[in-house]
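Each chain, written out:
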Amino acid sequence: GAYESRLTNEKVKWETSEQIDLGFDARAIDGRLNINFDWYYKTTKNWLVVAPILATAGTGAPYINGGDVKNTGVEVGLSWSDRIGKDLHYYVNVNGAYNHNEVGNIPTEDGIIHGTDGNGQLYDNSTEFYRASNGRPIGYFWGYKTAGVFQNQQDINDWIAAGNGVLQSDVQPGDVKYYDIDHNGVINDADKVNLGNGMPDFTYGFTLGFDYKGFDFNVTANGMVGNDIVQAYRNVGTKTANYTTEVLSRWTGEGTSNKYPRVTENNINWQFSDLFIHDGSFLRVSNITLGYDFVKILKTQLFSQARLYFQIQNALTFTKYNGMDPEIGYGVNSWASGIDLGYYPRPRTILVGVNLKF
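Note that the coordinates shown come from a computational prediction; the quantities given were computed from them, not determined experimentally.

Visitor: Honestly, the side chain of histidine 89 in this entry has me stumped. Any pointers?
Guide: In this fold, histidine 89 is placed in strand S6 (residues 88-104). Taking relative accessible area as the criterion, histidine 89 reaches 18% and is therefore assigned buried. With near-sequence residues (within four places) excluded, histidine 89 lies in contact with Ser81, Asp82, Arg83, Gly209, Phe210 and Asp211.

Quick look at the structure:
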């Protein structure tokens with residue numbers, strides 16, 4: 001037998017891109033300073049995206065044209081190389097990039113491309129938590145804002161008396177306060193807002209090193225600023241779910257926590273909200289290398305280089321993110337970045353090697 005693996009869309013068009021790039025390269029101070037600068041404006045039209053459909057369709061979703069994606073940014077690189085005396089050569093390279101992303105002209109009735117929903121990507125029966133809409137960055141996180149945790153019954157009574165709604169059907173102390181954005185006494189999808197996105201505002205990196213009388217040393221690092229991470233590598237729906245040690249900071253009585261709710265048999269306190277959002281900014285020292293060339297000591301013409309080196313890969317990571325790795329990127333079949341479902345972290349690797357040149 002045979003079946004159609006994906007629904008067809010006869011109206012789909014090729015995705016096209018247009019880009020303006022202005023920049024310059026310059027050398028100064030007798031060639032010791034190099035400068036690279038680029039400004040770009042890129043528009044991707046008729047963005048190809050897999051349409052969200054119900055599982056009852058029985059086959060793969062069709063591709064549709066999801067509108068335009070605009071990226072505007074600046075990239076800058078500076079490098080300096082010089083000598084001190086005749087034996088010491090040193091160098092420093094620094095680069096940085098800023099990018100602004102925005103979606104527009106989405107050809108749907110509500111102007112939205114809806115992200116994954118209904119398939120339990122975050123937890124059992126989780127609903128849509130990212131989307132693209134006109135004027136917003138692609139794949140922004142969409143959910144509830146929280147205002148802390150109810151500490152006692154009086155706290156609940158005061159909240160409701162002020163005209164705020166509650167999401168829990170039988171709200172109790174230890175439950176989450178979800179913001180009633182429209183202040184109509186009901187918490188629903190109309191109260192969900194943009195909670196951030198996984199794309200960084202700024203990326204950067206640097207390399208520095210030196211060579212001195214046969215020794216060579218090099219450090220390479222890179223980082224991001226302004227990227228958010230959805231941390232969801234546990235099933236928050238039940239008491240028997242696996243949790244991180246973060247659950248030890250949960251609410252267990254009045255005054256014990258104003259952020260993490262009590263553990264319940266259902267996931268009403270873990271509807272997608274800013275409780276899932278973490279700052280993903282980081283600086284990673286990705287490589288440290290120290291080497292020495294023994295050719296002068298060996299005094300042989302057999303080798304032009306006999307270098308022994310020690311190298312540490314993924315040496316250090318500086319971040320406030322409490323997950324396993326802040327450098328998430330894009331998931332499988334996803335146009336939203338920064339969703340951490342428990343990807344295995346990069347290992348720290350220590351290498352010892354020899355370079356021989358004849």
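Visitor: Which parts of the structure should I look at to understand the pattern of salt bridges?
Guide: Oppositely charged side chains can form a pair if their charged atoms are brought close together. Summed over the entire model, instances satisfying the criterion amount to 13 salt bridges. The residue lysine 45 makes a salt bridge to glutamate 18 at a minimum N-O spacing of 3.5 Å. Of this pair, lysine 45 sits in strand S2 (residues 33-45) while glutamate 18 sits in strand S1 (residues 16-28), placing them 27 residues apart in sequence. Classification of lysine 45 by relative accessible area gives partly exposed; the value is 33%. Close ionic contact of aspartate 155 with lysine 177 constitutes a salt bridge, the shortest N to O distance being 3.2 Å. In this pair, aspartate 155 is assigned in helix H1 (residues 153-161) and lysine 177 in strand S11 (residues 176-178), connecting sequence segments 22 residues apart. You can call aspartate 155 buried: its relative accessible area is 19%. Connected through salt bridges with shared partners, the residues Arg284, Asp325, Glu327 and Arg346 form a single ionic network.

Visitor: Is there a simple way to think about the environment of aspartate 38 in this case?
Guide: Among the structural elements, aspartate 38 can be located in strand S2. By relative accessible area, aspartate 38 is classed as partly exposed at 23%. Sequence spacing of aspartate 38 and leucine 351 is 313 residues, and the spatial spacing of their C-alpha atoms is 36 Å. In this structure, aspartate 38 is in contact with Asp21, Leu22, Gly23, Gly73, Val74 and Glu75, ignoring residues within four places of it in sequence.

Calculation criteria
- Residues numbered from 1 in each chain as written.
- Predicted model: local features only at pLDDT ≥ 70, side-chain atom pairs only at ≥ 80, totals over all residues.
- Heavy atoms only, no water.
- Helix = DSSP H or I, 4+ residues; strand = E, 2+ residues; numbered from the N terminus.
- Buried < 20%, exposed > 50% of the residue type's maximum accessible area, 1.4 Å probe, protein only.
- Contact = heavy atoms within 4.5 Å.
- Salt bridge = Lys/Arg side-chain N within 4 Å of Asp/Glu carboxyl O.

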